[in-house]
Amino acid sequence: MIRIEHLCVNYGAVKALRDVSLEASPGRVTAVLGANGAGKTTLLRAISGLVSPQSGNILLGDRSLVRMATENIARLGVSHVPEGRGVIAELTVEDNLRLGALASKVNIAEGLEAQYQRFPVLGDRRKKYCATLSGGERQMLAMARALIAQPQVLLLDEPSLGLAPQVTSELMKTIHQLCESKNLTVILVEQNAKSALRIAHTAVVLHLGTVVASDDADKVASDDDLRRYYLGLVQ
Ligand code: ATP
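The residue numbering used here restarts from 1 in each chain and proceeds along that chain's sequence as written. Per-residue local features of the predicted model are confined to residues with pLDDT of at least 70, and side-chain atom pairs are confined, for both listing and counting, to 80 or more; whole-chain, interface and lining totals are unaffected and use all residues. Side-chain numbers here rest on the full set of heavy atoms in the structure, without hydrogens or water.

(A) Spatial organisation of the overall build of the chain. Helices and strands together make up the secondary structure of the chain, namely 10 helices and 10 strands. Based on C-alpha atoms, the radius of gyration is set beside the globule rule, defined as 2.2 Å times the residue count to the power 0.38. Taking 235 residues into account, the globule formula puts the C-alpha radius of gyration at 18 Å, and the chain, at 17 Å, falls close to it. Its C-alpha atoms put the chain at 45 × 40 × 30 Å along the principal axes. A simple rule labels every residue: compare its accessible area, found with a 1.4 Å probe on the protein chains alone, to the largest value its type can have, and call it buried under 20%, exposed over 50%, or partly exposed in between. Out of the 235 residues belonging to the chain, those deemed buried represent 47%. A separation of at least 24 residues holds for 67% of the contacts in the chain among residues at least 6 apart in sequence. Neither His nor the chain ends contribute to the count of charged residues, in which Lys and Arg are positive and Asp and Glu negative. The location of each charge is read from NZ of Lys, CZ of Arg, CG of Asp or CD of Glu. Charge separation in the chain, taken as the distance between the mean sites of 26 positive and 24 negative side-chain charges, equals 4 Å. Where helices and strands are cited, they refer to DSSP runs of H or I of at least four residues and of E of at least two residues respectively, numbered from the N terminus. Any two residues whose heavy atoms approach within 4.5 Å are treated as being in contact.

(B) Main features of the environment of Ala-38. Structurally, the position occupied by Ala-38 is in the loop between strand S3 (28–33) and helix H1 (40–47). Taking the C-alpha atoms as reference points, Ala-38 and Val-211, separated by 173 residues in sequence, lie 9.3 Å from one another. Apart from the residues within four sequence positions on either side, Ala-38 is in contact with Ala-16, Leu-206, His-207, Leu-208 and Gly-209.

(C) Up close: the pairing of strand S7 (residues 153–157). By the criterion of burial, S7 is predominantly enclosed, with five of the five residues buried. Side chains Val-153, Leu-155 and Asp-157 project from S7 onto one buried face, and the interleaved Leu-154 and Leu-156 project onto a second face that is buried too. By definition, two strands form a pair when at least two bridges between them are found by DSSP. Pairing geometry for strand S6 (residues 78–81) and S7, over four bridges, is parallel. Bridge pairing in S7 links Ser-79 to Leu-154. Where S7 meets strand S8 (residues 185–190), five bridges bridge the pair, whose relative direction is parallel.

(D) Structural detail: the sheet that holds strand S9 (residues 202–207). With mixed pairing, the six strands of this open sheet are ordered in space as S6-S7-S8-S3-S9-S10. At either end of the open sheet lies a strand with only one pairing partner, and these are S6 and strand S10 (210–216). When strand polarity is set aside, the average angle formed by the axes of neighbouring strands in this sheet is 15°. Summarising the sheet, S3 and S9 pair through four bridges and their orientation is parallel. Bridge pairing in S9 places Ala-31 opposite Ala-203. Here an angle of 0 to 180 degrees is reported between the N-to-C directions of two axes, which are lines fitted to C-alpha atoms, with helices fitted over the stretch in contact.

(E) Up close: the environment of Ser-160. With respect to the secondary-structure elements, Ser-160 resides in the loop between S7 and helix H7 (165–182). For the pair Ser-160 and Glu-190, spaced 30 residues apart in the sequence, the C-alpha separation amounts to 7.5 Å. Excluding residues that lie within four positions of it along the chain, Ser-160 makes contacts with Arg-85, Thr-168, Leu-171, Met-172, Glu-190 and Asn-192.

(F) Summary view of the site of the ligand. Near the ligand, the surroundings consist of 14 residues, among which Asn-36, Gly-37, Lys-40, Thr-41 and Thr-42 are the closest. Separating an oxygen atom of the ligand from a side-chain N or O atom of Lys-40 is a distance of 2.8 Å. Two N or O atoms form a polar contact when they lie within 3.5 Å of each other; inside protein one atom must be a possible hydrogen donor and the other a possible acceptor, and for residues adjacent in sequence the pair counts only when both atoms belong to side chains. The contact in question runs from an oxygen atom of the ligand to an N or O atom on the side chain of Gln-191, over 3.1 Å. Here, Shrake-Rupley sampling with a 1.4 Å probe gives the accessible areas, and only protein chains in the shown set may cover a residue. Contact with the protein chains removes 60% of the 630 Å² of surface that the ligand exposes when unbound. Listing elements by their share of the shell around the ligand, those giving two or more residues are strand S2 (14–24) and H1. It is H1 that provides the largest number of residues to the shell around the ligand, a total of three residues. We call a residue near a molecule or strand as soon as one heavy atom of that residue lies within 4 Å of the molecule or strand.

(G) Spotlight on H1. Where burial is concerned, most of H1 is hidden: six out of the eight residues are buried. Listed in full, the buried residues belonging to H1 are Lys-40, Thr-42, Leu-43, Leu-44, Ala-46 and Ile-47. At the C-terminal side of H1, Gly-49 shows a positive phi close to 85°.

(H) Geometry of the packing of helix H3 (residues 93–101) against helix H4 (residues 108–118). Close contact between H3 and H4 brings their axes to 10 Å; oriented N to C, the two are set at 120°. When the interaxial angle is binned, H3 and H4 end up oblique. Judged by the sense of rotation from one axis to the other, the crossing of H3 with H4 is right-handed. Here Glu-94, Leu-97, Arg-98 and Ala-101 of H3 come into contact with H4, specifically with Ile-108, Leu-112 and Tyr-116. Broken down by class, the residue content of the contact of H3 with H4 amounts to five nonpolar, no polar and two charged. Roughly parallel means an angle under 35 degrees; roughly antiparallel, over 145; roughly perpendicular, 65 to 115; everything else is oblique. Should the near helix be turned counterclockwise from the far one by less than a right angle, the crossing is left-handed, whereas a clockwise turn marks it as right-handed. For this classification, Asp, Glu, Lys and Arg are treated as charged, while Ala, Val, Leu, Ile, Met, Phe, Trp, Tyr, Cys and Pro are nonpolar and the rest, including Gly, are polar.

Shown next as structure tokens:
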């Protein structure tokens, strides 16, 4: 389990997160929703050690991740798929996947095979340069690259960005299935609240760096005020 306690993150004078507390559990998708600038990306960056909090704590089980080096956080089983996917266009699908396995102890051949079984389209395209993939295929590759290291926690930053509605819907189903079948703790950051709420178990809504709601996803999805004022889902 990931537990965030009273987290505050500043960038100079900008208070990006203010007293944020939340929990994300194994086998559940925790959606973190909110408008531009709400602090969603900062939350994921703090968990994976890319920014240091001013105060508060981030616990993986009973271990604090605060001020731990990013690579050590990754070794503890936290995989981060950044906004924009972070795959390397000039490398093949297979080489991108190999990079994902580098810092872990997994058997690379077995790891590759597992990802090709999970995402057959990546197996078909294994020798292709990543630059030739569609947006949806790149997102699958980014997730497969994170999963090859067999993480406990998967942090996904705006996976639906730039994808067609049908592709987004398939991707969300894949995230849900992965989470439940692998007992993964998934933190899914999305501006696309409608798609995320369809598959999330829990939803946390951020606004200007603070938590304005944290509840079962279906309760958040049916709250008219949250939909209207924070999620941009006008009925
Ligand atoms: P978006 O969807 O636009 O990325 P977000 O909810 O992910 O929004 P963050 O990117 O976490 O929000 O940004 C939270 C606040 O911190 C915003 O006010 C943003 O302008 C500011 N911010 C983010 N990164 C930096 C940075 N490197 N330097 C200064 N301010 C930053």
